[in-house]
Amino acid sequence: MTAFNTQTLSRRPLSRRMVAMAGALSLLGLAACGGEEKSAGAAPTEITFSILSAEGQASSGPLWEPLLEDMSKAIGVEVKPFFGSNYTVLVEAMRGNQTQVAWFSAKPMLEAIDRADAEVIARTVDIEGRDSYRSTLIVRRGSGITLEDVMACGRRYDFGIGDAQSTSGTLAPLTFLFNARGVIPAQCFKTVRSANHQANAFAVANGVVDVATSNTVNTVFMTRQNPQIASQIEEIWFSPPIPESGIVLRADMDPVLKEKIRAFFLGYGQGEGAEAERQRAVLAGLNYSQFRAADDTYLDPVREMIADQALTEARAKGDTAAATAAEADLSTLRARRQVRP
């Protein structure tokens, strides 16, 4: 197997992503000014909820705001949203206690667990009852580009990949597609550009890039919100199932408030009656049917992907110690998977 260093990609972003990151950093600076009000362990008068938005606040805000209003009423504390499309900034915000609760995809959740003392309380389930999704490779409809063409390399195509920390935009396609075939995207394609899923979809539809990573969740939202763009895109590759996104919170939150938040998510949209139906409509807007109780073990398949990527990179660098450590991690995770019910 041949390595592909995800850090290389992060140095080649679209200018839109740089602007988004600068805006997020500015917002974090403002949030930090009031950081003293959110000291760890104290019962706060407000909390901030991070939303990892691949589509941006304009499209995600109206979908999440009704749920956050319901959450405020249920827990008796004002909940303020913080939208961002940059994974690292949002994890750092939780680490610095500028945000206390978050909706993250799988890999950023692991980052938050490792670096921000985060605790998983729930995972999402889509409207068809699935708690997983798939990474995809997309091309412009009618282009005639096949997966075989893409994997033939030859620097023929412009390629759009996700944020370096993206589960479906980067980690899954590297693990299941490129690494498995010994392909290094930077050497395979004419250019490699990093962007969020929506930006990549628009780039493919408009001919800015020839092929890009995406996922099945983005396909649903693009079909709903930008049907003209969605109609110009087709998927040519699907990954194995990836654990869906989930809800994390800081482990050092006030215990009473923590349990109120957990109870809110696990009960939201459940039961009978007009209120439950209204909540289910809110969930449907997010393409969810419920939040299911979970801990961080549900993220083990992503841990396996990370270990596989680490092994690939270590072998390519000839780093025997790192390769041995990655192999040990993989062995432990695979053994744990075999004994899990």
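Our structure's up above, just so we're on the same page.
Because the structure is predicted, anything quoted here is derived from the model rather than measured.

Trainee: Help me understand the pairing of strand β9 (residues 211-215), please; the structure alone is not making it clear to me.
Mentor: Put simply, side chains in a regular strand alternate between the two faces of the sheet. With five of five residues buried, β9 is to be regarded as a mostly interior element. Of the pairings in the sheet, the one linking strand β7 (residues 158-161) to β9 comprises two bridges and is parallel in character. Across the sheet, Phe159 pairs through a bridge with Val211, a residue of β9.

Trainee: What should I look at first to understand the environment of Arg140 in this one?
Mentor: Note that Arg140 resides in strand β6 (residues 135-140). Measuring from C-alpha to C-alpha, the distance between Arg140 and Ala212 comes to 9.7 Å, with 72 residues separating the pair along the chain.

Trainee: Help me understand helix α10 (residues 216-225) in this model?
Mentor: One turn of an α-helix holds 3.6 residues; hence residues three or four places apart share an orientation. All buried positions along α10 are accounted for by Asn218, Phe221 and Met222. The arc that holds the buried residues of α10, viewed along the axis, is 100 degrees, so those residues lie on one side. For α10, the capping residue at the N-terminal end is Asn215, with a side-chain oxygen 3.0 Å from the backbone nitrogen of Val217.

Trainee: Help me understand the pairing of strand β3 (residues 101-104), please; the structure alone is not making it clear to me.
Mentor: Burial along β3 is two-sided: Val101 and Trp103 facing one way and Ala102 and Phe104 facing the other are all buried. Of the strand pairs in this sheet, strand β1 (residues 46-52) and β3 are connected by three bridges, and their pairing is parallel. Bridge pairing in β3 places Phe49 opposite Val101. Bridge count between β3 and strand β12 (residues 246-250): four bridges; the pairing is antiparallel.

Trainee: I'm lost on the state of the cysteines in this one. Help?
Mentor: Simply put, disulfide is the name for a covalent bond between the sulfur atoms of two cysteines. All told, the structure shown has one disulfide when counted by the stated rule. Through a disulfide, Cys153 is tied to Cys188; the S-S separation comes to 2.2 Å. Its torsion about the S-S bond being -95 degrees, the disulfide of Cys153 and Cys188 is classed as left-handed. Here the residue Cys153 occupies a position in the loop between α6 (147-151) and β7, and Cys188 occupies one in helix α8 (residues 185-188), the gap between them amounting to 35 residues. Each member of the pair, Cys153 together with Cys188, is buried.

Basis of the calculations
Residues numbered from 1 in each chain as written. Predicted model: local features only at pLDDT ≥ 70, side-chain atom pairs only at ≥ 80, totals over all residues. Heavy atoms only, no water. Buried < 20%, exposed > 50% of the residue type's maximum accessible area, 1.4 Å probe, protein only. Helix = DSSP H or I, 4+ residues; strand = E, 2+ residues; numbered from the N terminus. Pairing = 2+ DSSP bridges. Arc of directions from axis to C-beta. Polar contact = N/O pair within 3.5 Å; in protein donor to acceptor, adjacent residues only side chain to side chain. Disulfide = S-S within 2.5 Å.

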